[in-house]
Amino acid sequence: MPHPCLTCGACCAHFRISFHWSEADPELGGPVPLALTEPLRTHERAMRGTSCAQPRCIALDADIGRYSRCTIHPVRPSVCAAVQASLEFGERSGQCDRARLAHGLPLLSAADWRWRDEPANDDEPDDNGHSPTPPTVPPIAA
């Protein structure tokens, strides 16, 4: 079973994604692609597509509730990285819950996180796309 966010995408199609302009300034090391943002206020930019009545981030590749991926996940804005899925770390997330309800999705439950305890997940890449390290094999005694 995959991480619940990979079958959701509701938060990326519910909230305005605004952040400090420096996160999209390459001269300052800002990782967010400037072309995917737009000016918001004096010190803020927003992801394109999120400052409207029916927001949907330009970086979202999803069919909400079926599959979801952020096309810039490794360089996404800090506000995106800060959003936690409900119960992922034991507590409910108001942002996650509101976005899921707005899209007609059920709230996440503890059962949605049981997959992490299954040994079959050990050979899957982590959230950053890194493959797991191979198990170390002890040397054969001579």
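None of these values were measured; they are calculated from a predicted model.

**Some details on the overall build of the protein chain**
Within the protein chain, the secondary structure is distributed over two helices and five strands. Scanning the protein chain from its N terminus toward the C terminus, one meets helices and strands in the order β-β-β-β-β-α-α. Across the 142 residues in the protein chain, those meeting the buried criterion constitute 30%. For the protein chain, contacts bridging at least 24 residues in sequence account for 53% of all contacts bridging at least 6.

**Thoughts on the sheet that holds strand E1 (residues 18-20)**
Strand order in the open sheet formed by three strands is E1-E3-E2, and the pairing between neighbours is antiparallel. Taken across any chain shown, the strands that pair with only one partner, and hence form the sheet edges, are E1 and strand E2 (37-39). The average angle at which neighbouring strand axes cross in this sheet is 40°, direction not considered. Inspection of the sheet shows E1 paired to strand E3 (residues 44-47) by three bridges, in the antiparallel sense.

**Details of the environment of histidine 3**
Positionally, histidine 3 belongs in the segment before E1. Given the relative accessible area of 9%, histidine 3 is considered buried. Along the sequence, histidine 3 and arginine 116 sit 113 residues apart, while their C-alpha atoms lie 8.6 Å from each other. In terms of polar contacts, histidine 3 uses its side chain to reach the side chain of glutamate 88, at 3.0 Å.

**Focus on the nonpolar core**
Counting 19 residues, the largest nonpolar core has Ala10, Phe19, Met47, Cys57, Leu60 and Ile64 as its most contacted members. When neighbours within four sequence positions are excluded, cysteine 57 is seen to be in contact with Cys12, Ile17, Met47, Arg48 and Thr50. Of all hydrophobic cores here, the second largest spans six residues; its members include Ala85, Cys96, Leu108 and Trp115.

Here is what the cut-offs are and how they apply
Residues numbered from 1 in each chain as written. Predicted model: local features only at pLDDT ≥ 70, side-chain atom pairs only at ≥ 80, totals over all residues. Heavy atoms only, no water. Helix = DSSP H or I, 4+ residues; strand = E, 2+ residues; numbered from the N terminus. Buried < 20%, exposed > 50% of the residue type's maximum accessible area, 1.4 Å probe, protein only. Contact = heavy atoms within 4.5 Å. Pairing = 2+ DSSP bridges. Axes fitted to C-alpha atoms, helices over the stretch in contact; angles between N-to-C directions. Polar contact = N/O pair within 3.5 Å; in protein donor to acceptor, adjacent residues only side chain to side chain. Core = buried A, V, L, I, M, F, W, Y, C linked by side-chain atoms within 4.5 Å.

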